[in-house]
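# Working through the structure, step by step
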Amino acid sequence: MATALDIKPVTPLIGAEISGVDLSKPLSDNELGVVKQALRDHLVIFFRDQDMTVDQQKDFGRQFGDLHIHPARDRNGLEGHPEILYINNGPNSSRVNGDEWHTDVSCDPEPPMGSILRLFEIPPSGGGDTLFASMYAAYDALSEPMKAFLGGLSAVHDGGPNYIDRAKRAGIYDPTKVFPANEHPVIRTHPETGKKSIYVNKIFTQHIVGLPKDESRAILDFLFQHIAKPNFQCRFKWEEHSVAFWDNRCALHHAMWDYYPEVRRGYRVTIKGDKPV
Ligand code: SIN
């Protein structure tokens, strides 16, 4: 069946803007198929003018899988909606969510497959863009000996350092609360596309298993620099009621906090994923 959806790539490597679909209503089988394929092809997809309720945003997310509950929701929750991560930054913020290159909650045993963020308040003077980076492209750019070396390694992703820092800054630190820490391959294979990507990030990845501390630090520092190269990236300029839907299995993102003390607000719905292999 023909589709009215229009897909415009942002760069050849990552990002596409999709028009001609209303996300507040259940998608037809055809629309769902097109959106899923666009996410596989472009790693992050963007929609404009999608005014919807919290429940409609959750229903949109459920068409792609069960919804994830964030381990630090006590800091960023929305009453009555445990599946929502509330992005709410303004004059009282001391840090913002995702202010460094990362993939969401990679400390979980089965990290989220995707995240759907809708912003409904944009800083009036501009700023607050989100940057996305293709970890397929970052992997492809490595030398063959480096790919072979990294392919045999796994790394520990720990939620503690990030979430404890944020909780302390927010004045809600609870020393009895334990955050997830799990080991994942440094190079993962996407379960749908079969492509390989780099799967480490500065917010959660602490060390590489089986390497001495100094070697682990040197390899991670190299990878953190490598994955942040601008040629793997696209940048999304938000408008009120824009939606970004990213694949956490092959893309990283970085929320720019260049708008302090102005306000930027929105809701994120996160979709459960599976164990990286
Ligand atoms: C996040 O989900 O990491 C935050 C992204 C953003 O606020 O742009």
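Residues numbered from 1 in each chain as written. Predicted model: local features only at pLDDT ≥ 70, side-chain atom pairs only at ≥ 80, totals over all residues. Heavy atoms only, no water.

Here we take up the sheet that holds strand β11 (residues 205-208). Taking strand neighbours across the sheet as the criterion, the 3 strands line up as β8-β7-β11 in an open arrangement whose pairing is antiparallel. The open sheet is flanked by β8 (181-185) and β11, the only strands paired with a single partner. Each strand of the sheet is rotated relative to its neighbour by a mean of 30°, with strand direction disregarded. (Pairing = 2+ DSSP bridges. Helix = DSSP H or I, 4+ residues; strand = E, 2+ residues; numbered from the N terminus. Axes fitted to C-alpha atoms, helices over the stretch in contact; angles between N-to-C directions.)

Before going further, it helps to examine unusual backbone geometry. In the segment running from Tyr-260 into Pro-261, the intervening peptide bond is cis, with an omega of 5°. Note on placement: Pro-261 falls in the loop between β14 (251-255) and β15 (264-271). Residues other than glycine seldom take positive phi values, yet Val-105 does so here, at roughly 45°. Positive phi is not limited to glycine here, since His-241 has a value of about 70°. By the secondary structure assignment, His-241 is in the loop between β12 (233-236) and β13 (243-247). On the basis of relative accessible area, His-241 is assigned to the buried category, the value being 15%. (Buried < 20%, exposed > 50% of the residue type's maximum accessible area, 1.4 Å probe, protein only.)

What follows concerns the sheet that holds strand β3 (residues 44-47). Spatially, β1-β2-β3-β13-β5-β15-β4 is the arrangement adopted by the 7 strands of the open sheet, whose pairing is mixed. On the outer flanks of this sheet lie β1 (6-9) and β4 (84-89), each paired with one strand and no other. The mean inter-strand angle of the sheet, taken between neighbouring strand axes irrespective of direction, is 20°. Across 7 bridges, strand β5 (residues 114-121) lies against β15 in antiparallel orientation. What sits directly across from Ser-115, in β15, is Thr-270.

Turning our attention to the environment of Lys-8. With respect to the helices, strands and loops of the structure, Lys-8 is situated in strand β1. A relative accessible area of 52% places Lys-8 in the exposed class. Sequence separation between Lys-8 and Ile-45 is 37 residues, and the spatial gap between their C-alpha atoms is 9.5 Å. Setting aside anything within four residues of it in sequence, one finds Lys-8 in contact with Ala-16 and Glu-17. Here Asp-6 takes part through its side chain, which lies 2.8 Å from a polar atom of the side chain of Lys-8. (Contact = heavy atoms within 4.5 Å. Polar contact = N/O pair within 3.5 Å; in protein donor to acceptor, adjacent residues only side chain to side chain.)

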